[in-house]
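Listed below, chain by chain, are the residues.
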Amino acid sequence: MKNRLLFKTVSLLIVLALLMAGLSMIQDVVRDRIRNRDHAVQSVVSSLAGSQTLIGPALVQNCTETTRTGNGKKVEYSTREFQRMLLPDTLNHDANARMEERSRGLHHINTYLLHDQITASFANAAQYAELPKPSEPNAVVRCQKVSLAFALSDPRGIRSATLQANGQDLAVDSGTSLARYGKGIQADIDSSLLKKGQALNIELKLQLLGTEQLAFTPIASESKVTLTADWPHPSFGGSFLPGRREVTHSGFTASWELSSLATSASTAFHRQQALCGSGYDGGADAYSISAARSRDDGGPCLETMSTEFVNPVNVYSLSERATKYGILFVVLTFVAVGLFEVMKKLRVHPVQYLLVGSALCSFFLLLISLSEHLGFATSYAIAASACVALLAFYASHILGSIKRGLPFALAIAALYGLLYVLLQLEQTALVVGSLALFAVLALVMICTRHVDWYAFGQGESASEQGNAGEQA
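Residues numbered from 1 in each chain as written. Predicted model: local features only at pLDDT ≥ 70, side-chain atom pairs only at ≥ 80, totals over all residues. Heavy atoms only, no water.

Some details on the state of the cysteines
Stage number 1. Applying the stated rule across the entire model yields two disulfides.
Stage number 2. The disulfide partner of Cys63 is Cys143, and the S-S distance across this bridge is 2.0 Å. Residues Cys63 and Cys143 are joined through a disulfide that is right-handed, its torsion about the S-S bond being 105°. With Cys63 in strand 1 (residues 52-71) and Cys143 in strand 5 (residues 139-143), the pair connects residues that are 80 residues apart, well separated along the chain.
Stage number 3. Look at Cys63 and you get buried, because its relative accessible area is 2%. (Disulfide = S-S within 2.5 Å. Helix = DSSP H or I, 4+ residues; strand = E, 2+ residues; numbered from the N terminus. Buried < 20%, exposed > 50% of the residue type's maximum accessible area, 1.4 Å probe, protein only.)

Structural data, given as structure tokens:
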């Protein structure tokens, strides 16, 4: 008897180890499919445009200060280059995003076409009509034309851009003269527009392509953004959530209103700091990413108001989460089979345990493969139904009758139902899972409360000895 129990225990441990190895291989398959999806997104980003962050507009003027120093008969000249920047007093974005789904093989990527009407006002723009005062008496300052700079994280997405200053059309060129935010568009401002006592009003109409995420920077004294889109599943992030939002089954509308007192974006812009949060990482010269503060000099990072156009059901993340419950499925199923062994005094071979566990593992492989072609809920129902039917048929034979196989199949179906609930309840998955495990433990304890574990198997052993005596 002791040898049999030892053999059974060791055999089940080996079976569990084999099933864990199989589940690990299935998890590798899921991670590989996730990498394939990420490669598909990067393929779209490489050929279209990445996530977009809109920075600006700002008035920029590059200046050079030349200082003359006399040293006896020798005259020395030193040159210092600097840049003057003026941020808008008011900045308004009236943006509308229309979603355009792109495909790479089996994978679907959310891209958008943004129509943004940007208005900005510079109350003190006239000061740029005059040269700045030199820092030393013997210095001479020379400055280039004032330009309007509007930076973008990925200017490849620009489809059209028209710019007006006080009603006058401006010629738009690519790139900016900003040190860090060098990608975007710029336009020279004629000195006749910089009149004393008159604000410089800018109107920019922009059509822009992007992928999955859109962000705005609140660099003005008063910044306002209104964003509408035909996508019903937005995820708002960045440093500020929208003050008002309305999400319906056909789309959403969100608006932000920020004062410079609530953000350090203007300071970060003047210091040319990195962007906070996520941004397009399309190359070596792309904007760097900083989660909280810039790595450059410890100054504040450039804050954003971002919106991500997410898929509500990500089949790969759900499949990855499902496989994490695989070993729990196997253990609970083995407990159910073990209960039938104890209560009905049956004998189930370790190979039969292995086959039952393999059927459970095959569910996760069916789930990930079907969900790439069908919806996740449909794929889950098909895979779970196939596995329950197979286990009901097999359990009816190893447990001795259909009456025993059907309750076993119903228990497996309940496990699949519980797993689906756990996958849908991200925030309360832990408490639901804990309560379910407690309920299973309580059920096992109630069913086995009258079992004499010391005497378990002795009757069978005595019977075998009696049969051996009769044969002798």
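A few points about the UniProt feature "transmembrane region" (unreviewed entry) in the chain
Stage number 1. According to UniProt, the positions carrying the feature "transmembrane region" (unreviewed entry) are residues 325-343, 350-368, 374-394, 406-423 and 429-448.
Stage number 2. Spanning residues 350-368, this segment combines 100% helix with 0% strand, and its end C-alpha atoms are found 28 Å apart.
Stage number 3. The span residues 406-423 is 100% helical and 0% strand by assignment, and the distance between its end C-alpha atoms comes to 26 Å. (UniProt positions renumbered as here; feature names shortened; annotations may be inferred.)

A short note on a nonpolar patch on the surface
Stage number 1. There is a patch of nonpolar side chains on the surface, built from Leu6, Val10, Ile14 and Leu18 and spanning about 380 Å² of accessible area.
Stage number 2. Within the secondary structure, Leu18 is located in helix 1 (residues 2-47). (Patch = residues over 30% accessible without salt bridge, like charges linked within 9 Å, V, L, I, M, F, W, Y side chains within 5 Å. Areas by Shrake-Rupley, 256 points an atom, 1.4 Å probe, with all protein chains shown as cover. Salt bridge = Lys/Arg side-chain N within 4 Å of Asp/Glu carboxyl O.)

A few points about the pairing of strand 12 (residues 213-216)
Stage number 1. The alternating pattern of strand 12 places Gln213 and Ala215 and Leu214 and Phe216 on opposite faces, both of which are buried.
Stage number 2. Relative to strand 19 (residues 305-309), strand 12 is paired through four bridges, and the arrangement is antiparallel. From the neighbouring strand, Leu214 faces strand 19, where its bridge partner is Thr307. (Pairing = 2+ DSSP bridges.)

Thoughts on the nonpolar core
Stage number 1. Among the nonpolar cores identified, the biggest contains 61 residues, and Ile189, Leu200 and Phe269 are the most heavily contacted of them.
Stage number 2. Sequence-distant contacts of Ile189, defined by excluding residues within four places in its chain, comprise Leu59, Val146, Ser147, Leu148, Ala165, Leu170, Leu194 and Leu200.
Stage number 3. Tyr316, Phe329, Phe376 and Leu399 belong to the second-largest nonpolar core, a separate cluster that totals 45 residues. (Core = buried A, V, L, I, M, F, W, Y, C linked by side-chain atoms within 4.5 Å. Contact = heavy atoms within 4.5 Å.)

A short note on the packing of helix 3 (residues 315-323) against helix 7 (residues 402-424)
Stage number 1. It is at 10 Å that the axes of helix 3 and helix 7 come closest, and there the two elements cross at 130°. The orientation of helix 3 relative to helix 7 falls into the category oblique. Helix 3 and helix 7 meet at a crossing whose hand is right-handed. Between helix 3 and helix 7, the contacting residues are Leu318, Arg321 and Ala322 on the first element and Leu419, Leu422 and Leu423 on the second.
Stage number 2. Across the contact of helix 3 with helix 7, the residue classes tally to five nonpolar, no polar and one charged. (Axes fitted to C-alpha atoms, helices over the stretch in contact; angles between N-to-C directions. Parallel < 35°, antiparallel > 145°, perpendicular 65-115°, else oblique. Left-handed = near helix turned anticlockwise from the far one by under 90°. Nonpolar A, V, L, I, M, F, W, Y, C, P; charged D, E, K, R; others polar.)

Some words on the sheet that holds strand 8 (residues 168-170)
Stage number 1. If you walk across this open sheet you meet the eight strands as 8-7-11-4-3-13-16-15, and the pairing is mixed. Whereas interior strands pair on both sides, the edge strands pair on one side only; in this sheet they are strand 8 and strand 15 (244-248). Sheet twist, expressed as the mean angle between neighbouring strand axes with direction ignored, is 15°.
Stage number 2. Of the strand pairs in this sheet, strand 3 (residues 90-104) and strand 13 (residues 222-229) are connected by eight bridges, and their pairing is parallel. Residue pairing across strands places Asn96 opposite Thr228, the latter belonging to strand 13.

Quick look at helix 5 (residues 350-371)
Stage number 1. Taking 1.5 Å as the rise per residue, helix 5 with 22 residues should run 32 Å; its terminal C-alpha atoms sit 32 Å apart, in good agreement.
Stage number 2. Among the residues making up helix 5, those that are buried are Pro350, Tyr353, Val356, Gly357, Ala359, Leu360, Cys361, Phe363, Phe364, Leu367, Ile368 and Ser371. (Expected span 1.5 Å × (residues − 1).)

A closer look at the confidence of the model for the chain
Stage number 1. Of all residues in the chain, 87% attain a pLDDT of 70 or more, and the chain-wide mean is 81.
Stage number 2. Mean pLDDT values for the elements of the chain range from 36 in strand 18 (residues 289-290) up to 94 in strand 13.
Stage number 3. In this model residues 461-472 is a low-confidence stretch, pLDDT under 50, and it forms two contacts with partners more than four residues away in sequence or in other chains. (pLDDT = per-residue confidence, 0-100.)

Structural notes on the packing of aromatic side chains
Stage number 1. In the structure shown here, the tally under the stated rule is 11 aromatic pairs.
Stage number 2. Residues Phe236 and Trp256 carry aromatic rings whose centres are separated by 6.1 Å and whose planes lie at 75° to one another, so their mutual orientation is edge-to-face. Of the two residues, Phe236 sits in strand 14 (residues 234-238) while Trp256 sits in strand 16 (residues 251-259), which places them 20 residues apart along the sequence. Considered together, Phe236 and Trp256 belong to a single accessibility category, that of buried residues.
Stage number 3. Members of the aromatic cluster, each reached through a chain of ring pairs, are Phe363, Phe364, Phe376, Tyr380, Tyr416 and Tyr420.
Stage number 4. When the ring centre of Tyr128 is taken as origin, the NZ or CZ atom of Arg84, which lies over that ring, is 4.4 Å away. (Phe/Tyr/Trp six-rings, centres within 6.5 Å; stacked < 30°, edge-to-face > 60°. Lys NZ or Arg CZ within 6 Å of the ring centre and 35° of its normal.)

A look at the packing of helix 6 (residues 376-398) against helix 7
Stage number 1. Packing of helix 6 against helix 7 brings their axes to within 8 Å, and their N-to-C directions diverge by 160°. When the axes of helix 6 and helix 7 are compared, the pair comes out roughly antiparallel. As helix 6 packs across helix 7, the resulting crossing turns out to be right-handed. Each of Phe376, Ala377, Tyr380, Ala384, Cys387, Val388, Leu391, Ala392, Ala395 and Ser396 in helix 6 lies in contact with helix 7, whose residues at this interface are Ile402, Gly405, Phe408, Ala409, Ile412, Ala413, Tyr416, Leu419, Tyr420 and Leu423.

As for unusual backbone geometry
Stage number 1. The peptide bond linking Gly56 to Pro57 adopts the cis configuration, its omega dihedral lying at 10°.
Stage number 2. Note on placement: Pro57 falls in strand 1.
Stage number 3. Its identity as a non-glycine residue notwithstanding, Asn166 has a phi of 50°, on the positive side.
Stage number 4. Mapped onto the elements, Asn166 comes out in the loop between strand 7 (158-165) and strand 8.
Stage number 5. Looking at Asn166, the relative accessible area reads 28%, which means it is partly exposed.
Stage number 6. Backbone geometry places Gln272, a non-glycine residue, at a positive phi of 55°.
Stage number 7. Structurally, Gln272 can be placed in the loop between helix 2 (265-270) and strand 17 (275-276).

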